[in-house]
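Coordinate inspection notes
Next come the chains, spelled out residue by residue.
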Amino acid sequence: MTQDAPISIAVVIPALNEGGNIRALVREVRQIVPAHVVVCDNGSTDNTAAEALAAGAHVVYEARRGYGFACAAGVIEAAALGADVVAFLDGDHSFLPAELPRLLAPILFDRADLTLGSRWLGHIAPGAMPPQQRFGNWLAARLMSALYGIPLTDLGPYRAIRLSLLLSLDMQEMTFGYPTEMMVKVARRGARLAEVPVSFHPRRSGRSKVSGTLRGTVLAARYILGVTLQYA
Ligand SMILES: Nc1nc2c(ncn2[C@@H]2O[C@H](COP(=O)(O)OP(=O)(O)OP(=O)(O)O)[C@@H](O)[C@H]2O)c(=O)[nH]1
Ligand SMILES: [Mg+2]
């Protein structure tokens, strides 16, 4: 990136059965930032892809189930579109596109290479985060801070990163561990991480697949803690 060249941004949205959320979400993103919006349909059985297309998103498909697989497929499309910076946004409308500028600014002003949206520094709406998820997140963030020497408050998925850095990380975790792997590898690389406050809301429509289910909670905790320890 040079100072003169316009910086190209892609917002990658992994989506599994988010037909009730995706159209409004993509529209909101497009109103707020001049970015490519890439929706990765992770084998949805509803109208997620059609809704995303109707809202003007680039839609890619990934049949292998997993948050990381969906993100990785979106990243390949972002690279094909010539993006310099990629932001990740959940497809359930639990994060606000209006906060994208805040997430992108430290990278665009060359003060960070990875920005992490922290819900603890921002706002957690009532009902958005069940107690076990609060505890797991707090624990994992403390562990990561201690092991990697980076003062973090949250391990949230709403984040932005320079694409060249992301592509150099050789990402391996293709399910729940993808966000954690990204953080630990960036930290080990000595690249600059910055937290920014974001707000977190209950998903707008559809069913919770992670924190609202026992299986999702256990798997997410296992992967997040496992990956944090694995790269220490
Ligand atoms: N859980 C899960 N989410 C996926 C998958 N593929 C894509 N996604 C999307 O990834 C985003 C993040 O999912 P989560 O927020 O972790 O899952 P959720 O079902 O909203 O569950 P909670 O937010 O924990 O209640 C959502 O937009 C999902 O639609 C997958 O294989 N599993
Ligand atoms: Mg969610």
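Residues numbered from 1 in each chain as written. Chains lettered and ligands numbered in written order. Predicted model: local features only at pLDDT ≥ 70, side-chain atom pairs only at ≥ 80, totals over all residues. Heavy atoms only, no water.

Regarding the side chain of Arg203
Put simply, the rule reads: The helix and strand labels rest on DSSP assignments: H or I over at least four residues marks a helix, E over at least two residues marks a strand, and numbering proceeds from the N terminus. Any pair of N or O atoms that falls within 3.5 Å is considered a polar contact. Within protein, one atom must be able to donate a hydrogen and the other to accept it, and sequence-neighbouring residues count only if both atoms are side-chain atoms. Contacts are residue-level and defined by heavy atoms, with any inter-residue pair within 4.5 Å sufficient.
Residue position: Arg203 is located in the loop between strand S7 (193-200) and helix H8 (214-230). Looking at Arg203, its side chain comes within polar contact range of the side chain of Glu18, at 2.9 Å. Excluding anything up to four places from it in sequence, Arg203 contacts Glu18, Asn21, Asp92, Ser94, Ser208 and Lys209.

Here's the deal with the layout of surface pockets
Cut-off, in case you're wondering: For cavity detection a 1 Å grid was placed over the protein atoms alone, and a set of points counts as a cavity when a 1.4 Å probe fits there but cannot get out; an open set counts as a pocket when protein lies on both sides within 12 Å along at least five of seven lines, with lining residues being those that have an atom within 4 Å of a point. Grid points are joined across faces, edges and corners, and a volume is the space filled by probe spheres set on the points. Ten residue types, Ala, Val, Leu, Ile, Met, Phe, Trp, Tyr, Cys and Pro, are classed as nonpolar, four, Asp, Glu, Lys and Arg, as charged, and the remainder, Gly among them, as polar.
In this model, the largest pocket occupies a volume close to 1,400 Å³. Surrounding the largest pocket, 49 residues form its lining, Phe176, Lys209, Val210, Ser211 and Ala220 being those nearest its centre. No other element matches the nine residues that H8 contributes to the lining of the largest pocket. Considered class by class, the residues forming the lining of the largest pocket number 22 nonpolar, 19 polar and eight charged.

Some details on the site of ligand 1
What counts is decided by this rule: Residues are classed as near a molecule or strand on a simple rule: at least one heavy atom within 4 Å of it. More than half of a molecule's atoms within 2 Å of the grid points is what it takes for that molecule to sit in a cavity or pocket.
The full set close to ligand 1 counts 17 residues, and Glu18, Asn42, Gly91, Ser208 and Lys209 are the nearest of them. At a separation of 2.6 Å, an oxygen atom of ligand 1 approaches a polar backbone atom of Gly91. Residue Ser208 places a side-chain N or O atom 2.5 Å away from an oxygen atom belonging to ligand 1. Of the pockets mapped on this structure, ligand 1 occupies the largest pocket. Taken together, the residues of the shell around ligand 1 sort by class into five nonpolar, five polar and seven charged.

Limitation: the analysis is restricted to geometry and does not speak to function.
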